[in-house]
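A closer look at the structure
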Amino acid sequence: MILSTNYNPDVLTCLANLSNDEVFTPPQVVNRMLDMLPAELFRSKETKFLDPVSKSGVFLREIAKRLMIGLESQIPDIHERADHIFTKQLFGIAITELTALTSRRSVYCSKYANGQYSICRKFKDEDGNLRFKPIEHKFENGKCKYCGASESVFGKKYRKDLESHAYEFIHTDKPEKIFGNMKFDVIIGNPPYQLGDGGNAASALPIYHMFINQAKKLNPRYMSFIVPSRWLNGGRGLDEFRNEMLNERKIRVLHDYLDSKDCFSGVEIKGGVCFFLWERDYVGDCAIYSHAQGETKHSNRPLLEEGSDIYIRSEEQVSIFHKVRSFNEDSLATWLNAGRYFGFHTKINWNDDIHGEIQSSDGSQFYPVSKIRTEENTIKVYIHGGECWINESIIPRNAERIGSYKVLIPRSGNPGFGNTIIGKPKISEPYSCSSNTYMVAIPSDSDISEEEADNLCSYIKTKFVRLLVATKTSTQSTPPDAFQFAPLQDFSHTWTDEMLYKKYGLTDDEIAFIESMIRPME
């Protein structure tokens, strides 16, 4: 491809297209976020802005551009105007020493705020108002008291010369002291999203909500952050945060992107991303902009619907939720049991091609298993990637349900519209059980027949059920609670999507929405 000699891409746009643990924000997305703020903020010499998680400096740079225009009549001299804006109105906390240098280069046009080429002439030190202070985690009982980071992963003796990921803004009890009790009108940014806890990627610990909670302590007039959308209806350890954010009704505007690539090109964030405008002195409905498949739909409504404890992402889902709820049926979740129902973890140590040991759910011991059925090992165990066999006498929990028909649902799903949402369910026949890889669907006080199990399995595969699961959660993990909105049915006969659409009176538009959003499950 031959580029024009006049082609001059914004380096921060190029940087934002790189896939990284710390997702950089493209300038165009930053400006969408700034557009939510009242325009008069950029026409006041008193407005103070803080980016507490500066990575590339793009937020402060774009704010500076708007202030330079907004204050032109009040401070006509361009040099005086720049000096005032950069010393009195813009403040940032970098997340690493490298991002501090990058941010200063973006904002001051010099990696040193007082450097020869800095566009601000008033700074006396190299940092200016973009600071970075190395911080260590404060571990108590193996976890950081501030962010929950595992000492075995982020402890100094394990990290050595690596970045500690101990972010200054959230590693203090008094964030107001960072800039000497300064009052900020706007706190805005794109915080780090998660920390690994030593497990697999799905078990990573979310931390973005900690930055939002910490920002609230500074009592700003406005907050705007871009974060994964999964906090709105799921996410590990986010229940208290979600409950407070949705019930206080201070989010005036929400932009929800079902596909993260619409904001971050080349970066996939399961469940999409969102950014919002939180206003301290506002209480009311939210202006919601739902972005999906190249279209934007706008509505004004509460973030919490009656009868729901999570945000429901689209108008179609809201309507379907209320239609199903009006039947007042028991939830399918009442039949679902967590993956460790039979007392097994997912971990298996194989000693050779045939023999191995499966770990107990509490991690205290291992039980012998084999890859082939023997006279001693007569109970099939469905595990990740296949099956093995175990002796019935050593099954730790719920051994009395071994002889029943059950339906197994993978605990790890495929979230995001356009996907299957959940893993493929299957029947667990009598004299079989499962590891923590699967949830177990079975009534608590009775058995089901083979036909009922087959009908239940088919029901779970319907797009209707999977749409209701997607309404409840957008995370890869699908615990029993993810099926809360899916109603129980009479499983003496099979259920199809067409039968369910008719039963619950779905409109053609609602049916088209489900059909377009949920991928068929073969």
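Residues numbered from 1 in each chain as written. Predicted model: local features only at pLDDT ≥ 70, side-chain atom pairs only at ≥ 80, totals over all residues. Heavy atoms only, no water.

1. Examining the overall build of the protein chain
Defined as follows: Under the scheme used here, helices are H or I runs from DSSP no shorter than 4 residues and strands are E runs no shorter than 2 residues, and both carry numbers assigned from the N terminus. In this scheme, a residue with accessible area under 20% of its type's maximum is buried, one over 50% is exposed, and one in between is partly exposed, where area comes from a 1.4 Å probe on protein chains only. Here the open area of atoms and residues is found with the Shrake-Rupley method and a 1.4 Å probe, where only the protein chains shown may cover a residue. For this count, His and the chain ends are skipped, Lys and Arg are scored as positive, and Asp and Glu as negative. Working definition for charges: the position is that of NZ of Lys, CZ of Arg, CG of Asp or CD of Glu.
When its secondary structure is counted, the protein chain shows 14 helices and 23 strands. Dimensions of the protein chain, computed from C-alpha atoms along their principal axes, come out at roughly 85 × 55 × 50 Å. When each of the 522 residues of the protein chain is scored for burial, the buried share is 55%. Carbon and sulfur atoms make up 47% of the accessible area of the protein chain, which totals about 23900 Å². Where the 63 positive side-chain charges of the protein chain centre and where its 70 negative ones centre are 7 Å apart.

2. Description of the sheet that holds strand β23 (residues 438-441)
Inclusion rule: By definition, two strands form a pair when at least two bridges between them are found by DSSP. What makes two residues a contact is simply this: any of their non-hydrogen atoms within 4.5 Å. For helices, the fitted axis covers only the stretch in contact; all axes are lines through C-alpha atoms, and the angles between them, taken along N-to-C directions, range from 0 to 180 degrees.
Ordered in space as β14-β23-β20-β21, the four strands form an open sheet in which the pairing is antiparallel. The open sheet has two free edges, formed respectively by β14 (336-337) and β21 (426-428), since each of these has just one partner strand. With four bridges connecting them, strand β20 (residues 406-410) and β23 associate as antiparallel partners. Paired with proline 410 across the two strands is tyrosine 438, which belongs to β23. Strands β20, β21 and β23 of the sheet are contacted by helix α11 (residues 450-461), whose axis makes an angle of about 25° with β20.

3. Section: helix α5 (residues 97-108)
Going by this rule: A helix's residues, less one, multiplied by 1.5 Å, set its expected span. Arc definition: directions from the helix axis to the C-beta atoms.
In this model, α5 (12 residues) spans 16 Å end to end at C-alpha, consistent with the 16 Å of a helix rising 1.5 Å per residue. Buried within α5 we find Thr99, Ala100, Ser103, Arg104, Ser106, Val107 and Tyr108. Buried residues of α5, seen end-on, are gathered within an arc of 165° and therefore sit on one face of the element. One or two residues past the end of α5 sits cysteine 109, with phi positive at roughly 65°.

4. Considering the confidence of the model for the protein chain
Formally: On a range of 0 to 100, pLDDT expresses the predictor's confidence in each residue.
Residues at a pLDDT of 70 or more form 94% of the protein chain, whose mean pLDDT is 92. Low pLDDT, under 50, characterises residues 1-9; the stretch is placed with one contact to residues that sit more than four places away or in other chains. When the criterion is pLDDT under 50, residues 14-21 qualifies, and its contacts beyond four places in sequence or with other chains add up to 11 contacts.

5. Details of the side chain of glutamate 316
Condition: N or O atoms within 3.5 Å of each other form a polar contact, as long as, within protein, one can give a hydrogen and the other can take it, and as long as residues adjacent in sequence are counted only when both atoms are side-chain atoms.
As for its placement among the helices and strands, glutamate 316 is situated in helix α10 (residues 315-325). Looking at glutamate 316, its side chain comes within polar contact range of the side chain of lysine 297, at 2.6 Å. Setting aside anything within four residues of it in sequence, one finds glutamate 316 in contact with Lys297 and Phe513.

6. Focus: the environment of serine 458
Within the secondary structure layout, serine 458 lies in helix α11. Classification of serine 458 by relative accessible area gives partly exposed; the value is 27%. Distance in space between the C-alpha atoms of serine 458 and serine 393 is 32 Å, their sequence separation being 65 residues.

7. Topic: the packing of helix α8 (residues 208-217) against helix α9 (residues 239-247)
Here is the rule: Oblique is the label for any angle not under 35 degrees, not over 145, and not in the 65 to 115 range, which are roughly parallel, roughly antiparallel and roughly perpendicular in turn. Helix crossings are classified by the rotation of the near helix relative to the far one: an anticlockwise turn of less than a right angle makes the crossing left-handed, while a clockwise turn makes it right-handed.
Running from N to C, α8 and α9 point in directions that differ by 50°, and their axes come no closer than 11 Å. Between α8 and α9, the crossing angle belongs to the class labelled oblique. Two packed elements cross with a definite hand, and for α8 against α9 that hand is left-handed. Residues His209, Ile212, Asn213 and Lys216 of α8 pack against Phe241, Glu244 and Met245 of α9.

8. Concerning the sheet that holds strand β13 (residues 295-301)
Overall, mixed pairing links the nine strands, which are arranged β3-β2-β1-β6-β9-β11-β10-β12-β13 in an open sheet. A single partner strand is all that each edge strand has here, and the edge strands are β3 (130-131) and β13. Inspection of the sheet shows strand β2 (residues 90-94) paired to β3 by two bridges, in the parallel sense. Bridging across to β3, isoleucine 93 finds its partner in arginine 131. Its contacts with the sheet put helix α3 (residues 58-70) on β1 (49-54), β2, β3 and β6 (186-189), and the angle it makes with β2 is roughly 175°.

9. Focus on the pattern of salt bridges
Opposite charge on two side chains allows them to pair when their charged atoms are near. To keep things clear, this is the line we draw: Basic side-chain nitrogens of Lys or Arg form a salt bridge, by our definition, when they fall within 4 Å of a carboxyl oxygen of Asp or Glu.
What the rule picks out here adds up to 26 salt bridges. Close ionic contact of lysine 503 with glutamate 329 constitutes a salt bridge, the shortest N to O distance being 2.8 Å. Residue lysine 503 is located in helix α13 (residues 497-503), and its partner glutamate 329 is located in the loop between α10 and β14; the two are separated by 174 residues in the primary sequence. The partner of glutamate 387 in a salt bridge is lysine 380, with the nearest N and O atoms 3.9 Å apart. Here lysine 380 falls in the buried class, since its relative accessible area comes to 14%.

10. Thoughts on the pairing of strand β11 (residues 273-279)
Each regular strand displays side chains that alternate between the two surfaces of the sheet. With seven of its seven residues buried, β11 lies for the most part within the structure. Here β11 shows a buried face lined by Val273, Phe275, Leu277 and Glu279 and a second buried face lined by Cys274, Phe276 and Trp278.

11. Concerning the pairing of β1
Among the six residues that make up β1, six are buried, leaving the element largely enclosed by the rest of the structure. Pairing analysis gives two bridges linking β1 to β6, with the strands arranged parallel. Directly across from leucine 50, in β6, lies its bridge partner isoleucine 187. Here β1 runs beside β2; their pairing, made up of four bridges, is parallel. Of the residues in β2, the one forming a bridge with serine 54 is alanine 94.

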